[in-house]
Amino acid sequence: MMDWTDRHCRQFHRQITRHTWLYTEMVTTGALLHGDVPRHLDFNQEEHPIALQLGGSEPSDLAKSAKLGEQWGYDEINLNCGCPSERVQKGAFGACLMAEPALVADCVKAMKDAVDIDVTVKHRIGIDDVESYDFVRDFVGKIADTGCTTFIVHARNAILKGLSPKENREVPPLKYDYAYQLKRDFPQLEIIINGGIKTLEEIDLHLEHLDGVMLGREAYHNPYIMSQFDSRYYDDDAPYKSRREVIEAMLPYISAQLEQHGPGKGSGGGLKLNGITRHMLGLMTGLVGARAFRQTLSDSKKLASGDPALLLEALQRMQGISDYVSHV
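Residues numbered from 1 in each chain as written. Predicted model: local features only at pLDDT ≥ 70, side-chain atom pairs only at ≥ 80, totals over all residues. Heavy atoms only, no water.

Interhelical geometry of helix H1 (residues 7–16) versus helix H13 (residues 243–261) gives an angle of 155 degrees and a closest axis separation of 9 Å. It follows from the interaxial angle that H1 and H13 lie roughly antiparallel. By crossing handedness, the relation of H1 to H13 is classed as right-handed. From H1, Arg7, His8, Gln11, Phe12, Gln15 and Ile16 reach across to H13, where they touch Val246, Ala249, Met250, Tyr253, Gln257 and His261. When its residues are assigned to classes, the contact of H1 with H13 shows six nonpolar, five polar and one charged. (Axes fitted to C-alpha atoms, helices over the stretch in contact; angles between N-to-C directions. Helix = DSSP H or I, 4+ residues; strand = E, 2+ residues; numbered from the N terminus. Parallel < 35°, antiparallel > 145°, perpendicular 65-115°, else oblique. Left-handed = near helix turned anticlockwise from the far one by under 90°. Contact = heavy atoms within 4.5 Å. Nonpolar A, V, L, I, M, F, W, Y, C, P; charged D, E, K, R; others polar.)

Shown next, in the form of structure tokens:
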């Protein structure tokens, strides 16, 4: 998710789940081929398994970018064919690519020829007023002919004109049955569903029909839901971190990042404390005192101090309110 799942967000999420695949925010081929490659591709080894999501529509540029991702150590390259924003459309990629399956096939083939790691595609079920299941079936079939075996299906149409990206996540109706039908029509493919999924029970239901589930907004706004993933879906019964332990695990990382990239250091004006802590605001979702936790982490004066101990202060303030201290 652009401007959301940066390396700091992913490092935070990795403290909650050891095995869940993490995806970068979409990185354009232009940014990699003509910009600051380390800024876009650097990640922490602890983040594995991790996929690099690319945005682009020129096969040779995508091939070069995919190769960079492989060289940087990513485990998967994912092509975004689902983002509906006007900024992305102007670059002729994202969801508008669904109207050109032959071009997408060329892009995927070029990437697959360039790398030895998996190349996958994330897409919608249709664009604008195209409601027929046949549209997404034919799209997936065309891309599958290149040897691509994994498709992440955001089970809504993308409305390219007239709806904002936020509205595109809420207004077009969800059609999970389209994803289920794709699995029936292409049983040899790995079909992963995305869109509007918020609970473990919903995940379990989808897994009765499909190979995987991707969470977006829910994982960001309610990240601790992922604490159940390792034991529930990866057969790992090792104890998961409490919320307090997640915070404590992040403190040395935050200190090191501020020391390395703090204000005035590096490109882009360096790094401020809230560049990391903003991703942690949802950690206490569902607990009494969560609002106090968020308020403390959003205090501009305290954030300006650049002291990671602010997280402990937020935790302490919440514990003074919460009836669920033992769960923190």
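Before going further, it helps to spend a moment on the side chain of histidine 154. Relative to the assigned elements, histidine 154 resides in strand S6 (residues 150–158). Residue histidine 154 is classed as buried on the basis of its relative accessible area of 9%. There is a polar contact of 3.5 Å between the side chain of histidine 154 and the side chain of arginine 124. Leaving out residues up to four positions away in the same chain, histidine 154 has contacts with Lys122, His123, Arg124, Ile125, Asn194 and Gly195. (Buried < 20%, exposed > 50% of the residue type's maximum accessible area, 1.4 Å probe, protein only. Polar contact = N/O pair within 3.5 Å; in protein donor to acceptor, adjacent residues only side chain to side chain.)

Looking now at the pairing of strand S7 (residues 190–194). When you tally the buried positions in S7, you get four out of five residues, the bulk of the element. In this structure, S6 lies alongside S7, joined through five bridges in parallel fashion. Paired with threonine 150 across the two strands is glutamate 190, which belongs to S7. As paired elements, S7 and strand S8 (residues 212–214) share three bridges and run parallel to each other. Across the sheet, isoleucine 192 pairs through a bridge with glycine 212, a residue of S8. (Pairing = 2+ DSSP bridges.)

Another aspect to go through is the confidence of the model for the protein chain. Across the protein chain, the average pLDDT comes to 92, with 93% of residues at or above 70. Contacts from residues 323–328, a stretch scored under 50 in pLDDT, to residues over four places away or in other chains number 13 contacts. (pLDDT = per-residue confidence, 0-100.)

Before going further, it helps to examine the pairing of S6. For S6, the buried fraction is high: nine of the nine residues fall into the buried class. Pairing analysis gives six bridges linking strand S5 (residues 118–127) to S6, with the strands arranged parallel. If you follow isoleucine 127 over to S6, its bridge partner there is alanine 158. Crossover S5 to S6 through helix H7 (residues 133–144) is right-handed. (Right-handed = clockwise from strand over helix to strand, strands pointing away.)

If you walk through the whole model with that rule in mind, you get one cavity of 30 Å³ or more. Counted as a void, the largest cavity has a volume near 30 Å³. Arg14, Gln15, Ile16, Thr17, Arg18, Asp230, Tyr240 and Lys241 are the residues that line the largest cavity. The element contributing the most residues to the lining of the largest cavity is H1, with three residues. Counted by class, the lining of the largest cavity contains two nonpolar, two polar and four charged residues. (1 Å grid on protein atoms, 1.4 Å probe; cavity = no way out; pocket = protein on both sides within 12 Å on 5 of 7 lines; lining within 4 Å. Points joined across faces, edges and corners; volume = space filled by probe spheres on them.)

Attention now moves to the pattern of salt bridges. Tallied over the full model, the rule gives 13 salt bridges. One salt bridge connects aspartate 113 with lysine 109, and the closest N-O pair in it is separated by 2.8 Å. A residue pair is termed a helical-turn pair when its members lie 3 or 4 positions apart in one helix, as aspartate 113 and lysine 109 do in helix H6 (residues 101–114) at four residues. When its relative accessible area of 45% is taken as the criterion, lysine 109 is described as partly exposed. Here aspartate 134 and arginine 137 are joined by a salt bridge, their closest N and O atoms 3.3 Å apart. Of the two residues, aspartate 134 and arginine 137 both sit in helix H7, three residues apart, roughly one turn of that helix. Among the charged side chains, a salt-bridge network with shared partners connects Arg18, Asp230 and Asp236. (Salt bridge = Lys/Arg side-chain N within 4 Å of Asp/Glu carboxyl O.)

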